[in-house]
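# Descriptive structure summary
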Amino acid sequence: MTVTLEVSEGVGTIRLDRPPLNALNVAIQDRLRELAEEAARRDDVRAVVLYGGEKVFAAGADIKEMQAMDHAAMVVRSRGLQDSFTAVARIPKPVVAAVTGYALGGGCELALCADFRIAGENAKLGQPEILLGLIPGAGGTQRLSRLVGPSRAKDLIFTGRQVKAAEALALGLVDRVVPPAEVYEAAHAWAARLAQGPAIALRAAKESIDAGLETDLDTGLAIERTWFAGLFATEDRETGMRSFVEEGPGKAKFR
């Protein structure tokens, strides 16, 4: 398979495997959506790592496949493209992208769907679609601007330039930079730590932040208030508060 889901220690790794550059063709996009939806459903998956392997995350879309499409074909396909990436962004669990080598175009857009991004020192990220006479079509114009701000997003999208890991970290495009050989281990450790946390509270936090960013402050506060009150009906809340009172902070073991 060109995309797989493997589960270990509560962490589901969605692995891209289409050598040499993990070009994101239609088959990979559709499989990515299927596995994102599976990871969202499965109780044994409590956090997710997006990984492309030791050498490359994903160098972008399959240009030869796209070149063969006319306007009518892309009107139909563009929805499926976005839906695949949105399925990843809406996994109601912590998601971390483990980025090695190139994460360009659709590869960068896939990394943007994660909650946290750990990059290798050899990583290069960018949205080079403008060099093809296009714009990002899998969420780049929207997610990138929300992450790094409109001016920085416009610089990257207008120029199509690639940024190395250090600049990506300074821009806020990635959150941590480590040696290339340590990328997956660091991402898995981040996910494994959160996999031990209160699943419903983590879902509430993620949905409150993501939904709140799309609306005004008062509506965002209402979303937060609803989730906050609702968590008082969960076993995890009882476990967490009891542990805090009896043992002190940070010792609760959630089921």
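Above this text sits the structure in question.
Residues numbered from 1 in each chain as written. Predicted model: local features only at pLDDT ≥ 70, side-chain atom pairs only at ≥ 80, totals over all residues. Heavy atoms only, no water.

### Points about helix H3 (residues 71–89)
Cut-off, in case you're wondering: Only runs of H or I of at least four residues qualify as helices and only runs of E of at least two qualify as strands under DSSP, and these elements are numbered from the N terminus. Given a helix with a known number of residues, its expected span is that number minus one, times 1.5 Å. Bend at a residue means the angle formed by two fitted axes: the first through the 7 residues ending at that position, the second through the 7 residues beginning there. Any residue under 20% of the maximum accessible area for its type is buried, any over 50% is exposed, and the rest in between are partly exposed; the area is computed with a 1.4 Å probe on protein chains only. Residues count as neighbours in contact if any of their non-hydrogen atoms are within 4.5 Å of one another. A 3.5 Å cut-off defines polar contacts: any pair of N or O atoms within that distance qualifies, except that in protein one atom must be a possible hydrogen donor and the other a possible acceptor, and neighbouring residues in sequence count only when both atoms are side-chain atoms.
With 19 residues, H3 ought to run about 27 Å at 1.5 Å a step, and its terminal C-alpha atoms sit 27 Å apart, in line with that. Its maximal kink placed at Arg77, H3 deviates by approximately 30°. Of all the residues in H3, the buried ones are Arg77, Gly80, Leu81, Ser84, Phe85, Thr86, Ala87, Val88 and Ala89. Those residues of H3 hidden inside the fold are in contact with helix H1 (26–41), strand E3 (47–51), strand E4 (95–99), helix H4 (106–112), helix H5 (140–148) and helix H9 (199–213). With a side-chain oxygen positioned 3.3 Å from the backbone nitrogen of Ala72, the residue opening H3 is Asp70.

### A short note on the environment of Lys164
Position of Lys164 among the secondary structure elements: in strand E8 (residues 162–164). A relative accessible area of 57% means that Lys164 is categorised as exposed. Sequence-wise, Lys164 and Pro128 are 36 residues apart; in three dimensions their C-alpha atoms are separated by 14 Å. Contact partners of Lys164, with chain neighbours within four places excluded, come to Ala123 and Lys124.

### Things to note about the sheet that holds strand E6 (residues 116–120)
The strands making up a sheet are joined through hydrogen bonds of the backbone, oriented either antiparallel or parallel. Stated precisely, the cut-off is as follows: Strands are labelled as partners when DSSP assigns at least two bridges between them. Fitting a line to C-alpha atoms yields each axis, with helices limited to the stretch in contact; the angle taken between N-to-C directions then spans 0 to 180 degrees.
Here six strands make up an open sheet; going across it, the order is E1-E2-E3-E4-E6-E9 and the pairing mixed. Two strands in the sheet have a free side with no partner beyond their single neighbour: strand E1 (3–8) and strand E9 (176–178). For this sheet, the mean angle separating the axes of adjacent strands, direction not counted, is 20°. Across four bridges, the pairing between E4 and E6 is parallel. Residue pairing in the sheet places Val96 in a bridge with Phe116 of E6.

### As for the pairing of E4
Of all five residues in E4, five are buried, a share of seventy percent or more. Burial along E4 is two-sided: Val95, Ala97 and Val99 and Val96 and Ala98, pointing in opposite directions, are all buried. Summarising the sheet, E3 and E4 pair through four bridges and their orientation is parallel. The partner of Tyr51 across the bridge, within E4, is Ala98.

### Looking at the sheet that holds strand E7 (residues 124–126)
Spatial ordering of the open sheet is given by E5-E7-E8, a layout of three strands whose pairing is mixed. Only two strands of the sheet have a single partner each, and these edge strands are strand E5 (102–104) and E8. Across the sheet, the mean angle separating the axes of adjacent strands is 20° when strand polarity is ignored.

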